[in-house]
Amino acid sequence: MSSIIIDGKAIGEKIRKEIKIDVERLIERGCRPGLAVVLVGEDQASRTYVSNKEKSSKAVGMKSELVVLPITVSQKELLDTVNRLNEDPTIHGILVQLPLPPHIDENKVIQSISPKKDVDGFHPENVGKMIIGQTSFVSCTPSGIMELLEQTGTEISGKHAVIVGRSNIVGKPMGQLLLQKDATVTYCHSKTEHLEDFTRQADILIVAIGHAKYITADHIKEGATVIDVGMNRDENGKLCGDVDFETVKEKAYAITPVPGGVGPMTVTMLLRNTLKSAQFTCSNYI
Ligand code: GUN
């Protein structure tokens, strides 16, 4: 059996076209959505992600502000930057690229972002609201994955969703979103014993662990939907996910490729959150 390859690039592009139209409508009414991205240091992977976010926001007609700070920046300077962006009426979304250098308290920085501009959905107020099902900004990778599941017609209600990885950015919010759609959710992580006993029960398997090709066909139930959040380099330096795509695709009902699966959806949801923030703010004064 050959599975459906979930085309996140195409799905993301389709949603971005819709976002572009809504951005144009807002601009006509005198309100241009603005996204500010703050990057600390020169980490190559972070630079690539940030440049992608900047390009994508410009492509849909948003204002984009990139703030690059040296790796030696003090916590106070970083907090001052966030405060300036909090006060800037032309900025509707603020994202501080993670990880931050060890001398900076990541939680303090996240909490300094106005919850109304927290398009990453990382602020405790937004995380709390999401858990109790209130409108909030939801973390972009999990909401992008929900969109992929919906668009591929994957049934969620009553199904067993197994999440491998428990990060605040992906694993934890992912489980909450699936729970809200009535999945039975199991969290697995680096200390889970007999991982395959759990993953083999998954109707929906979400993998976000950062280990190249760790999940093999032996971990998978026939007919599962497999979502690969990993972004690694294999032994030949080629981009690959946490899932061994070539073998798993023979067993799964549907699977995301790396690249071109989850990645494009994360950026798309960031744009959607920024649009939502601008729509909300601007409707208050238009
Ligand atoms: N680092 C890796 N992924 C993300 C993300 O989605 N948002 C931010 N701010 N940093 C990240």
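Chemist: I'm lost on the sheet that holds strand β1 (residues 4-5) in this one. Help?
Modeler: Backbone hydrogen bonds hold the strands of a sheet together, and the pairing may be parallel or antiparallel. Taken in spatial order, the six strands line up as β1-β11-β8-β7-β5-β6 in an open sheet, and their pairing is parallel. With partners counted over all chains shown, the strands left at the sheet margins are β1 and β6 (184-188), one partner each. Relative to strand β11 (residues 254-255), strand β8 (residues 225-228) runs parallel, the two being bridged by two bridges. Counterpart to Thr-225 in the pairing with β11 is Ala-254. Across the sheet, helix α7 (residues 171-180) touches β5 (160-164), β6 and β7 (204-207), and the angle it forms with β6 is around 170°.

Chemist: Mind showing me how you'd approach the sheet that holds strand β3 (residues 63-69) here?
Modeler: Strand order in the open sheet formed by three strands is β3-β2-β4, with parallel pairing between adjacent strands. Looking at strand neighbours, the two that pair on one side only are β3 and β4 (93-96), the edges of this open sheet. Across the sheet, the mean angle from the axis of one strand to that of its neighbour is 15°, orientation sign disregarded. Note that strand β2 (residues 34-40) and β4 share four bridges and pair parallel.

Chemist: Help me understand the packing of helix α6 (residues 140-151) against α7 in this model?
Modeler: Describing two packed helices takes the angle between their axes plus the distance from one axis to the other. Packing of α6 against α7 leaves a shortest axis separation of 9 Å and a crossing angle of 40°. Comparing the axis directions of α6 and α7 gives the class oblique. The interaxial crossing formed by α6 with α7 has right-handed handedness. Contacts from Pro-142, Ser-143, Ile-145, Met-146 and Leu-149 in α6 reach Pro-173, Met-174, Leu-177 and Leu-178 in α7.

Chemist: What am I meant to see in the site of the ligand here?
Modeler: Around the ligand lies a shell formed by Leu-95, Val-96, Gln-97, Leu-98, Asp-120 and Phe-122. At 2.9 Å, a backbone N or O of Leu-98 approaches a nitrogen atom of the ligand. Here a nitrogen atom of the ligand and a side-chain polar atom of Asp-120 are 2.6 Å apart. In isolation the ligand has 280 Å² of accessible area, and contact with the protein removes 82% of it. Class assignment of the residues belonging to the shell around the ligand gives a composition of four nonpolar, one polar and one charged.

Chemist: Looking at this model, I keep getting lost on a nonpolar patch on the surface. Mind explaining?
Modeler: On the surface, Val-127, Ile-131 and Ile-132 cluster together into a nonpolar patch covering about 260 Å² of accessible area. Looking at where Ile-131 falls in the secondary structure, it is placed in helix α5 (residues 124-131). With a relative accessible area of 44%, Ile-131 lands in the partly exposed category.

Chemist: What is the right way to look at the packing of α6 against helix α10 (residues 262-283) in this model?
Modeler: Running from N to C, α6 and α10 cross one another at 110°; their axes reach a closest spacing of 8 Å. Compared by their axis directions, α6 and α10 come out roughly perpendicular. In contact with Cys-140, Thr-141, Ser-143, Gly-144, Ile-145, Glu-147 and Leu-148 of α6, α10 contributes Val-262, Met-265, Thr-266, Met-269, Leu-270, Arg-272 and Asn-273. Taken together, the residues of the contact of α6 with α10 break down into seven nonpolar, five polar and two charged.

Conventions adopted
- Residues numbered from 1 in each chain as written.
- Predicted model: local features only at pLDDT ≥ 70, side-chain atom pairs only at ≥ 80, totals over all residues.
- Heavy atoms only, no water.
- Pairing = 2+ DSSP bridges.
- Helix = DSSP H or I, 4+ residues; strand = E, 2+ residues; numbered from the N terminus.
- Contact = heavy atoms within 4.5 Å.
- Axes fitted to C-alpha atoms, helices over the stretch in contact; angles between N-to-C directions.
- Parallel < 35°, antiparallel > 145°, perpendicular 65-115°, else oblique.
- Left-handed = near helix turned anticlockwise from the far one by under 90°.
- Near = heavy atom within 4 Å.
- Polar contact = N/O pair within 3.5 Å; in protein donor to acceptor, adjacent residues only side chain to side chain.
- Areas by Shrake-Rupley, 256 points an atom, 1.4 Å probe, with all protein chains shown as cover.
- Nonpolar A, V, L, I, M, F, W, Y, C, P; charged D, E, K, R; others polar.
- Patch = residues over 30% accessible without salt bridge, like charges linked within 9 Å, V, L, I, M, F, W, Y side chains within 5 Å.
- Salt bridge = Lys/Arg side-chain N within 4 Å of Asp/Glu carboxyl O.
- Buried < 20%, exposed > 50% of the residue type's maximum accessible area, 1.4 Å probe, protein only.

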